[in-house]
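The primary structure of each chain is shown beneath.
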Amino acid sequence: MFGAGGGTSAYKEIEETDLIILWGSNARETHPIFFHHLLKGKKQGARLYTIDPRRTSSAAWADVWLGLDVGSDIALANALGREIIAAGLCNMAFIERATENFAEYKAAVDSYTLEYAERITRVPADVIRELAHAYARADRAQVCWTLGITEHHNAVDNVLAIINLALLTGHVGRYGSGLVPLRGQNNVQGGGDMGAIPNKFVGGQDVEDPVLHARFERAYGRSIPNKRGWHLSQMFEAMEHGELRALYVLGENPMQSEADAKKARRLLEGLDLLIVQDIFLTKTAEVADVVLPAGASWCESEGTVTSSERRVQRVRKALDPPGNAHDDLDILSDLAERMGRGWGRPTGADVWNELRGLSPWHGGMSYARLEELDGLQWPCPDENHPGSPLLHDRLWHDPVSGPRAPFMPVAFAPPVDTLTDEFPIRLTTGRRLDSFNTGVQTGGYTSPLRRGESLDLHPEDALSLNVSEGEIVRVVSRRGAIETAVHVDDSLRPGLAFMTMHFPDEVETNILTIDAVDPKSGTAEFKAAAIRVEKLTAAPAGADAAAMAGLGQR
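1. As for the overall build of the chain
Within the chain one finds 22 helices and 21 strands. Relative to the compact-globule value of 24 Å for 554 residues, the chain shows a C-alpha radius of gyration of 24 Å, a close match. Along the first, second and third principal axes, the C-alpha atoms of the chain reach 75 × 60 × 45 Å. Evaluated residue by residue, the chain yields a buried proportion of 53% over its 554 residues. The contacts of the chain with a sequence gap of at least 6 include a subset with a gap of at least 24, amounting to 70%. Accessible surface for the chain amounts to roughly 24,300 Å². Of this, 53% is attributable to carbon and sulfur atoms. Distance from the positive charge centre (56 side chains) to the negative charge centre (76 side chains) of the chain: 3 Å.

Given below as structure tokens:
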């Protein structure tokens, strides 16, 4: 944000803030280490607001839970902004010195009254007003979000709507006040920082900038395309159109992780060449032409990882890869040599030092300093620099150093997969504490917390559908159908169902999800599918309304 692809704040800041908004994030289960920092802040007196369609285990810790309808986040954010403006609670000194486009933003949110927002989001108007006033009046405030904001067809607009609120109140660029995107998986931040984004070189540098492009060509001694590449969703579109015929997959399982799993399977199986490099024989690897067994990078490689607070930390090799498995770097080096581009046998340190010479964010992060200081936060441009726990404090300089931060007006648009009489229930997907993604890494281990996959329903929905706890039902979307057990869950609201993608070998949830894609980020709308539930068996003998209604009690 504001030209840097990372959150503004260190984890420590949420321990010493006054107000926390946890938006679209069940951090207690999906980011438990971060949640410990958050709880320290709450115990120090911070007020916690959670915004989530489900009353999650994170929401159980909240002072106030805003249970909005799935996909209505922009309507809520714009209503918060309008209320802050109408109540005269804007930080006008900050806005005039450090931002631009405020007038356009003010005009854009003017129609988002509290009454309109209540109608769209189902969050009571007085609760929206309370949060607007509390956030604007707080001395220090943090907004944290994750996939509940970004796995939508308008993911970037959702984020921009939140950023606008921080600019409106000056809750950015100061200690304890910031914007904290929690990355969806371990080292997602590091992957992006290393250039694993189709429009960026390492260190967030634009591949289409002619000056930067020329610099990287000189460094690599090779011609490099000067246009951005395809992101994952565009790759699948290219497969559909016959433009992409070969795919090299490293450490990913798109056969089971992509939305609209039937379509993903058809496209992957139709490739001329599929290469998979992984530590397990995933479902994607099972259909590959070539499988390259890799080492487990967290314990069998040398390198770095980067957390959501931009902290780069060392990974140290503890074991050799077993059997015929090899370190990822060795596999890539061998492959390069066979393709006529011999790199020799670079070590992790060699690669890191090359990167430090090209990335202004990482220039001062030698292995020695990372080990001595237990990691450093970028940007860290040279070896005399202490790292940067806080970003964008420049916005508080007088005059502001660098460009002003722009307000980016955005408009509410509902989920693509509409609810109808045929598909009346909203399915949202997510994760649980005991499992990870498609279960490749966690499915082989038992956990006392794990109960397998289920369709979680509110007790009222279970009653109206005449289904009971553990009963197998058929779940149908516009893309396909699956069968799974019912779990009655009073943390949901009527009309909302929940599933995970942790057990695709038994229940392939992503057959149901829609591959509507955000054009700016390439993220599919995993959080908003329309479904119906079909009963497969007769009602249990003796079941009555009172028993059915009590199924969700815990």
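2. Let's talk about helix α18 (residues 328-338)
Restricting attention to buried positions, one finds in α18 the residues Ile331, Ser333 and Ala336. Along its buried surface, α18 packs onto β9 (246-250), β10 (273-278) and β11 (290-293). Regarding α18, its N-cap is Asp327, as a side-chain oxygen of that residue lies 2.7 Å from the backbone nitrogen of Leu329 further along. In the segment just after α18, Gly340 is the residue with positive phi, at about 85°.

3. Focus: the pattern of salt bridges
Taken as a whole and assessed by the stated rule, the structure comprises 35 salt bridges. For the salt bridge of Asp320 with Lys317, the shortest nitrogen-to-oxygen distance reads 2.8 Å. For Lys317, a relative accessible area of 39% corresponds to the partly exposed category. Its salt-bridge partner being Asp417, residue Arg478 comes within 2.7 Å of it at the nearest N-O pair. Of the two residues, Arg478 is situated in the loop between β18 (472-476) and β19 (481-488) and Asp417 in the loop between β15 (405-406) and β16 (425-430); the sequence distance between them amounts to 61 residues.

4. Quick look at the packing of helix α12 (residues 210-220) against helix α19 (residues 348-358)
Where α12 meets α19, the closest approach of the two axes is 11 Å, and the angle between their N-to-C directions is 150°. Of the possible angle classes, the one that applies to α12 and α19 is roughly antiparallel. In this structure, α12 crosses over α19, and the sense of that crossing is right-handed. In this structure, α12 uses Arg215, Phe216, Ala219 and Tyr220 to contact α19, whose residues at the interface are Glu354, Gly357 and Leu358. Here the residues of the contact of α12 with α19 are counted per class, giving four nonpolar, one polar and two charged.

5. Details of the pairing of strand β2 (residues 47-51)
With four of five residues buried, β2 is to be regarded as a mostly interior element. Summarising the sheet, strand β1 (residues 19-23) and β2 pair through five bridges and their orientation is parallel. Looking across to β2, one finds that Trp23 is bridged to Ile51. By the bridge criterion, three bridges tie β2 to strand β3 (residues 64-66) in an arrangement that is parallel. Paired with Thr50 across the bridge in β3 is Trp65.

6. Points about the nonpolar core
Counting residues in hydrophobic clusters, the biggest one holds 57 residues, and the most contacted among them are Trp23, Leu66, Tyr135 and Leu168. Counting residues per element, this core draws most heavily on helix α10 (residues 155-169), which supplies nine residues. Sequence-distant contacts of Tyr135, defined by excluding residues within four places in its chain, comprise Leu19, Ile21, Ile84, Ala141, Val143, Leu165, Ala166, Thr169 and His171. Among the nonpolar cores identified, the runner-up in size contains 20 residues, and Val475, Val486, Val507 and Val533 belong to it.

7. Thoughts on the sheet that holds β11
If you walk across this open sheet you meet the three strands as β9-β10-β11, and the pairing is parallel. The strands lining the two open edges of the sheet, one partner per strand, are β9 and β11. Here the strands of the sheet are splayed against their neighbours by 10° on average, with no regard to which way each runs. Bridging between β9 and β10 involves five bridges; their strand directions are parallel. When the bridges of β10 are listed, Leu250 appears paired with Gln277.

8. Here's the deal with α10
Across its 15 residues, α10 extends 22 Å between first and last C-alpha, which sits within 8% of the 21 Å expected from 1.5 Å per residue. Most of α10 is tucked away: 14 of the 15 residues are buried. Positive backbone phi, at 75°, marks Gly170, one or two positions downstream of α10.

9. Re unusual backbone geometry
Here the amide bond leading from Trp378 into Pro379 is cis, since omega sits at 0°, within 30 degrees of zero. Looking at where Pro379 falls in the secondary structure, it is placed in the loop between β14 (376-377) and β15. In this chain, Asp398 is followed by Pro399 through a cis amide linkage whose omega measures 5°. For Pro399, the location among the structural elements is in the loop between β14 and β15. Despite not being glycine, Asp260 shows a phi value in the positive range, around 55°.

10. Looking at the sheet that holds strand β12 (residues 303-306)
The three strands are arranged β12-β13-β14 in an open sheet whose pairing can be described as antiparallel. This sheet does not close on itself; its edge strands, each paired only once, are β12 and β14. As judged from the four bridges shared by β12 and strand β13 (residues 311-315), these two strands associate in the antiparallel manner. Looking at the pairing, Val305 lines up with Gln313 of β13.

11. As for the environment of Gly439
Relative to the helices and strands, Gly439 resides in the loop between β16 and β17 (455-457). Classification of Gly439 by relative accessible area gives buried; the value is 10%. A sequence separation of 194 residues divides Gly439 from Arg245, and the C-alpha atoms of the two residues are 28 Å apart.

12. A word on the pairing of strand β5 (residues 141-145)
By the criterion of burial, β5 is predominantly enclosed, with five of the five residues buried. Neither face of β5 is open: one carries Ala141, Val143 and Trp145, the other Gln142 and Cys144, and all of them are buried. Where β5 lies against strand β6 (residues 178-181), four bridges are found, and the strand directions are parallel. Along β6, the bridge assignment pairs Gln142 with Gly178.

13. Quick word on the packing of aromatic side chains
What the rule picks out here adds up to eight aromatic pairs. With centroids separated by 5.6 Å and ring planes inclined at 80°, the aromatic side chains of Tyr112 and Tyr116 adopt a geometry described as edge-to-face. An aromatic cluster is defined as three or more aromatic residues linked by ring pairs; in this entry it consists of Phe102, Tyr105 and Phe407. Taking the ring centre of Phe498 as reference, the NZ or CZ of Arg54 above it sits at 3.7 Å. A cation sits over an aromatic face here: Arg310 above Trp378, 5.6 Å from the ring centre.

Rules and cut-offs
- Residues numbered from 1 in each chain as written.
- Predicted model: local features only at pLDDT ≥ 70, side-chain atom pairs only at ≥ 80, totals over all residues.
- Heavy atoms only, no water.
- Helix = DSSP H or I, 4+ residues; strand = E, 2+ residues; numbered from the N terminus.
- Rg over C-alpha atoms; globule rule 2.2 N^0.38 Å.
- Buried < 20%, exposed > 50% of the residue type's maximum accessible area, 1.4 Å probe, protein only.
- Contact = heavy atoms within 4.5 Å.
- Areas by Shrake-Rupley, 256 points an atom, 1.4 Å probe, with all protein chains shown as cover.
- Lys, Arg positive; Asp, Glu negative; His and termini not counted.
- Charge placed at Lys NZ, Arg CZ, Asp CG, Glu CD.
- Polar contact = N/O pair within 3.5 Å; in protein donor to acceptor, adjacent residues only side chain to side chain.
- Salt bridge = Lys/Arg side-chain N within 4 Å of Asp/Glu carboxyl O.
- Axes fitted to C-alpha atoms, helices over the stretch in contact; angles between N-to-C directions.
- Parallel < 35°, antiparallel > 145°, perpendicular 65-115°, else oblique.
- Left-handed = near helix turned anticlockwise from the far one by under 90°.
- Nonpolar A, V, L, I, M, F, W, Y, C, P; charged D, E, K, R; others polar.
- Pairing = 2+ DSSP bridges.
- Core = buried A, V, L, I, M, F, W, Y, C linked by side-chain atoms within 4.5 Å.
- Expected span 1.5 Å × (residues − 1).
- Phe/Tyr/Trp six-rings, centres within 6.5 Å; stacked < 30°, edge-to-face > 60°.
- Lys NZ or Arg CZ within 6 Å of the ring centre and 35° of its normal.

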